[in-house]
Amino acid sequence: MSKSMIFAWVGAAACCAAATAMAEPVKLPVDSDDKGTVYVAPNVNSTETSAYTKGATIGVQRPDGSGSYIGTDTSTPRPTYSLGASTGGNVSLTGGVLTDGKANNGVKAGVTIKY
């Protein structure tokens, strides 16, 4: 394999890793023990000179990967509230609801497969 081909593969892998890393919110642990971790995931917005929060999510993550969360997002004119949970294991089911109390209501669901 030529050097340019190796460089292309490494570059593609780095881009994929960066995109995957940005998909997950930053979870700051508040308390942790053998049963799980309580965390806060702030919704941080930044400018050139400062950073400010527009809501946060508080959740619990257990060692098996299961967990639950509740949060608020105040970055829109009407605050949005969310609540959800996920199962653990190699195939994790996720479900949640979100609402702004008026027009923006939704249900979200997903499957995460660990490999």
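Coordinates for the structure precede this section.
Everything numeric in this text was worked out from a predicted model, so none of it was measured.

Caption draft 1: Representation of a nonpolar patch on the surface in the model. On the surface, a cluster of nonpolar side chains totalling about 650 Å² of accessible area is made up of Val30, Val38, Ile58, Ile70, Leu83, Val97 and Val107. With respect to the helices and strands, the residue valine 97 is situated in strand E6 (residues 91-99). The class for valine 97 is partly exposed, based on a relative accessible area of 42%.

Caption draft 2: Region of interest: the packing of aromatic side chains. Under the definition given, this model contains zero aromatic pairs. Directly above the aromatic system of tyrosine 39 lies the positively charged group of lysine 27, at a separation of 4.8 Å from the ring centroid.

Caption draft 3: Layout of the sheet that holds strand E1 (residues 28-33). An order of E1-E2-E3-E4-E5-E6-E7 is seen for the seven strands of this open sheet, with the pairing classed as antiparallel. Two strands close off the open sheet at either side, each with one partner strand: E1 and strand E7 (105-113). Neighbour to neighbour, the strand axes of the sheet diverge by 15 degrees on average, direction disregarded.

Caption draft 4: Quick peek at the layout of surface pockets. Approximately 900 Å³ is the volume attributed to the largest pocket. Together, 40 residues line the largest pocket, and Glu24, Pro25, Lys27, Tyr39 and Tyr69 are the ones closest to its centre. Only strand E2 (36-46), strand E3 (51-61), strand E4 (67-73), strand E5 (80-86), E6 and E7 provide two or more residues apiece to the lining of the largest pocket. With six residues, the single largest contributor to the lining of the largest pocket is E4.

Caption draft 5: Up close: the side chain of threonine 80. The topology assignment puts threonine 80 in strand E5. The contacts of threonine 80, once residues within four sequence positions are left out, are Gly71, Thr72, Asp73, Leu98, Thr99, Asp100 and Asn104.

Definitions and limits used
Residues numbered from 1 in each chain as written. Predicted model: local features only at pLDDT ≥ 70, side-chain atom pairs only at ≥ 80, totals over all residues. Heavy atoms only, no water. Patch = residues over 30% accessible without salt bridge, like charges linked within 9 Å, V, L, I, M, F, W, Y side chains within 5 Å. Areas by Shrake-Rupley, 256 points an atom, 1.4 Å probe, with all protein chains shown as cover. Salt bridge = Lys/Arg side-chain N within 4 Å of Asp/Glu carboxyl O. Helix = DSSP H or I, 4+ residues; strand = E, 2+ residues; numbered from the N terminus. Buried < 20%, exposed > 50% of the residue type's maximum accessible area, 1.4 Å probe, protein only. Phe/Tyr/Trp six-rings, centres within 6.5 Å; stacked < 30°, edge-to-face > 60°. Lys NZ or Arg CZ within 6 Å of the ring centre and 35° of its normal. Pairing = 2+ DSSP bridges. Axes fitted to C-alpha atoms, helices over the stretch in contact; angles between N-to-C directions. 1 Å grid on protein atoms, 1.4 Å probe; cavity = no way out; pocket = protein on both sides within 12 Å on 5 of 7 lines; lining within 4 Å. Points joined across faces, edges and corners; volume = space filled by probe spheres on them. Contact = heavy atoms within 4.5 Å.

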